[in-house]
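Listed below, chain by chain, are the residues.
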Amino acid sequence: MGREAAQGGESYLNLNMLNKEKLGSELLNIVDDPTIEKSSGFYVYDDEGIPARKRYLIKDGIPNEVLLNREYAGYLSTKSNSAARATYYYNEPLIRMANTYIEPKDFTVDEMIEDVKRGIYLKSYMEWNIDDRRWNQKYTGLECYLIENGQIKKMLKNVALEITTGHLFKNIDAIGKDLKFTPGNCGKGEPMQGIPVWFGGPTIRVRKVWIK
């Protein structure tokens, strides 16, 4: 709608895509959940007094809902889903993430590796970049291994993955159960407001990917 672009950046997603356009694999659920106790993003009510709840941003590969405050929910003739938070009482509550992650499934890492003929296990990264619409992205690997015929062979260096969000999401064919979180900070607004959050997910397997 305009204002959020100035406060936190733009998005590839638009409202016409909600509950219509298939953005990713049917295995893919992306969740934002402020109800995880003892997490950095935990809260019971947002700063507009709305009870916190788990939100499915993408469900079965299809955009399901966007984060809202009371104002934006009013524009869309719906109800807030408790995403308004401020750093201090004298700051304006802004729409922002809480604990955002890919929902885990049932695979182990070994099961995902064993039927890969040739691929790369990008276990961790040391650098990432996204564009201002969250569409184009790049990850530089830290700990990476060559996979051949279902076995990890040797360590690789200088591995770089450049991909679009759509290509990444649509080519996920397995999702692990090893959900892990990383503490972070959601910074947005002017003046800048920083709020502690968690982000993360399990190991995922993506087909049809070129690695540099």
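Before reading on, note that the structure itself is shown above.
Residues numbered from 1 in each chain as written. Predicted model: local features only at pLDDT ≥ 70, side-chain atom pairs only at ≥ 80, totals over all residues. Heavy atoms only, no water.

### Comments concerning the overall build of the protein
Then step 1. Per the secondary structure count, the protein includes four helices and 14 strands.
Then step 2. Counting only C-alpha atoms and orienting by the principal axes, one finds that the protein spans roughly 55 × 35 × 30 Å.
Then step 3. Counting only residues that meet the buried cut, the protein has 41% of its 212 residues in that class.
Then step 4. On the protein, roughly 12,500 Å² of surface is accessible, and the fraction owed to carbon and sulfur atoms is 51%.
Then step 5. Each charge class in the protein was averaged separately, 30 positive and 29 negative side chains, and the resulting centres sit 4 Å apart. (Helix = DSSP H or I, 4+ residues; strand = E, 2+ residues; numbered from the N terminus. Buried < 20%, exposed > 50% of the residue type's maximum accessible area, 1.4 Å probe, protein only. Areas by Shrake-Rupley, 256 points an atom, 1.4 Å probe, with all protein chains shown as cover. Lys, Arg positive; Asp, Glu negative; His and termini not counted. Charge placed at Lys NZ, Arg CZ, Asp CG, Glu CD.)

### So, the sheet that holds strand β6 (residues 99-102)
Then step 1. Within the open sheet, the six strands sit side by side as β3-β2-β1-β6-β13-β12. Their pairing is mixed. The two strands at the open ends of the sheet, each matched to only one other strand, are β3 (62-63) and β12 (180-188).
Then step 2. Pairing between β6 and strand β13 (residues 193-201): three bridges, direction parallel. In the strand pairing of β13, Tyr 101 is matched with Gly 200. (Pairing = 2+ DSSP bridges.)

### Some points on the packing of aromatic side chains
Then step 1. Taken as a whole, this structure holds eight aromatic pairs when the rule is applied.
Then step 2. An angle of 65° between the planes, with centres 6.0 Å apart, marks the rings of Tyr 125 and Tyr 139 as edge-to-face. Separated by 14 residues along the polypeptide, Tyr 125 in strand β7 (residues 118-130) and Tyr 139 in strand β8 (residues 136-148) bring together distant segments of the chain.
Then step 3. For Tyr 125, a relative accessible area of 41% corresponds to the partly exposed category.
Then step 4. A network of ring pairs unites the aromatic residues Tyr 88, Tyr 89 and Tyr 90 as a single cluster.
Then step 5. A cation over an aromatic ring shows up here: Lys 59 above the ring of Tyr 56, its NZ or CZ 5.1 Å from the ring centre. (Phe/Tyr/Trp six-rings, centres within 6.5 Å; stacked < 30°, edge-to-face > 60°. Lys NZ or Arg CZ within 6 Å of the ring centre and 35° of its normal.)

### Overview of the pairing of β7
Then step 1. Two elements, β7 and β8, share 11 bridges in a ladder whose sense is antiparallel. Pairing of Asn 129 across the sheet is with Lys 138, part of β8.
Then step 2. Hairpin connection between β7 and β8: a loop of five residues separates the two successive antiparallel strands, and Arg 134 in this loop has a positive phi of roughly 60°.

### So, the side chain of Ser 25
Then step 1. Tracing the sequence through the fold places Ser 25 in the loop between α1 (3-8) and β1 (30-32).
Then step 2. Reaching out from Ser 25, the side chain makes a polar contact with the backbone oxygen of Ile 172 at a distance of 3.0 Å.
Then step 3. Sequence-distant contacts of Ser 25, defined by excluding residues within four places in its chain, comprise Asp 60, Gly 61, Phe 169, Lys 170 and Ile 172. (Polar contact = N/O pair within 3.5 Å; in protein donor to acceptor, adjacent residues only side chain to side chain. Contact = heavy atoms within 4.5 Å.)

### Examining empty space enclosed by the protein
Then step 1. Counting across every chain of the model gives one cavity of 30 Å³ or more.
Then step 2. Its boundaries defined by the atoms lining it, the largest cavity holds a volume of some 80 Å³.
Then step 3. Along its surface, the largest cavity is lined by Arg 3, Glu 4, Gln 7, Asn 69, Glu 71, Tyr 72, Glu 92, Pro 93, Leu 94, Ile 95 and Lys 188.
Then step 4. Listed by contribution, the elements that provide at least two residues to the lining of the largest cavity are α1, α2 (70-75) and β5 (94-95).
Then step 5. If one sorts the elements of the lining of the largest cavity by residue count, α1 sits on top with three residues.
Then step 6. By residue class, the composition of the lining of the largest cavity is four nonpolar, two polar and five charged. (1 Å grid on protein atoms, 1.4 Å probe; cavity = no way out; pocket = protein on both sides within 12 Å on 5 of 7 lines; lining within 4 Å. Points joined across faces, edges and corners; volume = space filled by probe spheres on them. Nonpolar A, V, L, I, M, F, W, Y, C, P; charged D, E, K, R; others polar.)

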